[in-house]
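# Coordinates in review
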Amino acid sequence: MQHSQLVAIIRRLEAMTESTDNEIQVRRFEKEGVEKCTVTYDSSTETFELTESDSKQSYQFDNIDIVAMEIYDLIQ
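Residues numbered from 1 in each chain as written. Predicted model: local features only at pLDDT ≥ 70, side-chain atom pairs only at ≥ 80, totals over all residues. Heavy atoms only, no water.

### Remarks on the overall build of the chain
Selection rule: Segments assigned H or I by DSSP are reported as helices when at least four residues long, segments assigned E as strands when at least two residues long, and all are numbered from the N terminus. To get the radius of gyration, use the C-alpha atoms; to get the globule rule, take the number of residues to the power 0.38 and multiply by 2.2 Å. Each residue gets one of three labels from its accessible area relative to the maximum for its type: buried under 20%, exposed over 50%, partly exposed in between, using a 1.4 Å probe on protein chains only. A contact between two residues is defined here by any heavy atoms of the two lying within 4.5 Å. Here the Shrake-Rupley method, with its probe set to 1.4 Å, supplies the accessible areas, and only the displayed protein chains count as covering residues. Only four residue types enter the tally: Lys and Arg on the positive side, Asp and Glu on the negative side; His and the chain ends are excluded. By convention, the point assigned to a charge is CZ for Arg, NZ for Lys, CD for Glu and CG for Asp.
A count of helical and extended segments in the chain gives two helices and four strands. Here the C-alpha atoms of the chain give a radius of gyration of 12 Å, agreeing with the 11 Å that 2.2 N^0.38 yields for 76 residues. With the principal axes as the frame, the chain shows a C-alpha extent of 35 × 30 × 20 Å. Each of the 76 residues in the chain was classed as buried or not, and the buried ones make up 24%. Contacts in the chain between residues far apart in sequence, at least 24 positions, make up 31% of those at least 6 positions apart. Looking at the chain as shown, the accessible area adds up to about 5,300 Å², and 44% of this sits on carbon and sulfur atoms. Taken as two groups, the 7 positive and 16 negative side-chain charges of the chain have centres that lie 9 Å from each other.

Right, here's the structure in full:
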């Protein structure tokens, strides 16, 4: 059985929220070496910002599950 990609995405997002240095956390998400999006987490506002690499459109989320599903859709 293959491991869940959604669980791996959520773990990476949770690591961003658990950082204690109060800096904005940034993660890149790729598929086969091609960047699909970047996600930043601002601990002061507790929000994620997802920027699609192709269109450069940005979206803000305050729910880790919703941003994880958006990332999952982009890398599928």
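### Here we look at the packing of helix H1 (residues 5–17) against helix H2 (residues 64–75)
In plain terms, the rule: Only the stretch in contact is used when a helix axis is fitted, and all axes are lines through C-alpha atoms; the angle between N-to-C directions ranges over 0 to 180 degrees. Each angle receives one of four descriptions, namely roughly parallel if under 35 degrees, roughly antiparallel if over 145, roughly perpendicular if within 65 to 115, and oblique otherwise. Throughout, a crossing is termed right-handed when the near helix is turned clockwise from the far one, and left-handed when it is turned anticlockwise from it by less than a right angle. By the convention adopted, Pro, Cys, Tyr, Trp, Phe, Met, Ile, Leu, Val and Ala count as nonpolar, Lys, Arg, Asp and Glu as charged, and the other residues, Gly among them, as polar.
Two elements in contact, H1 and H2, have axes whose closest approach is 9 Å; the angle formed by their N-to-C orientations is 130°. One element, H1, and the other, H2, form an angle in the oblique class. The two elements H1 and H2 meet at a crossing, and its hand is right-handed. Residues Gln5, Leu6, Ile9, Ile10, Leu13 and Glu14 of H1 form the contact with H2, whose own contacting residues are Ile64, Asp65, Val67, Ala68, Met69, Ile71, Tyr72 and Ile75. Broken down by class, the residue content of the contact of H1 with H2 amounts to eleven nonpolar, one polar and two charged.

### What to know about the nonpolar core
Here is the rule: For our purposes a nonpolar core is just a set of buried Ala, Val, Leu, Ile, Met, Phe, Trp, Tyr and Cys residues, chained together by side-chain atoms within 4.5 Å.
In this structure, Leu13, Phe29, Val39 and Ile71 are the most contacted members of the largest nonpolar core, which totals 14 residues. At four residues, H2 tops the list of elements feeding residues into this core. Aside from chain neighbours lying at most four places away, what touches Phe29 is Ile9, Arg12, Leu13, Val34, Glu35, Lys36, Cys37, Val39, Ile71 and Ile75.

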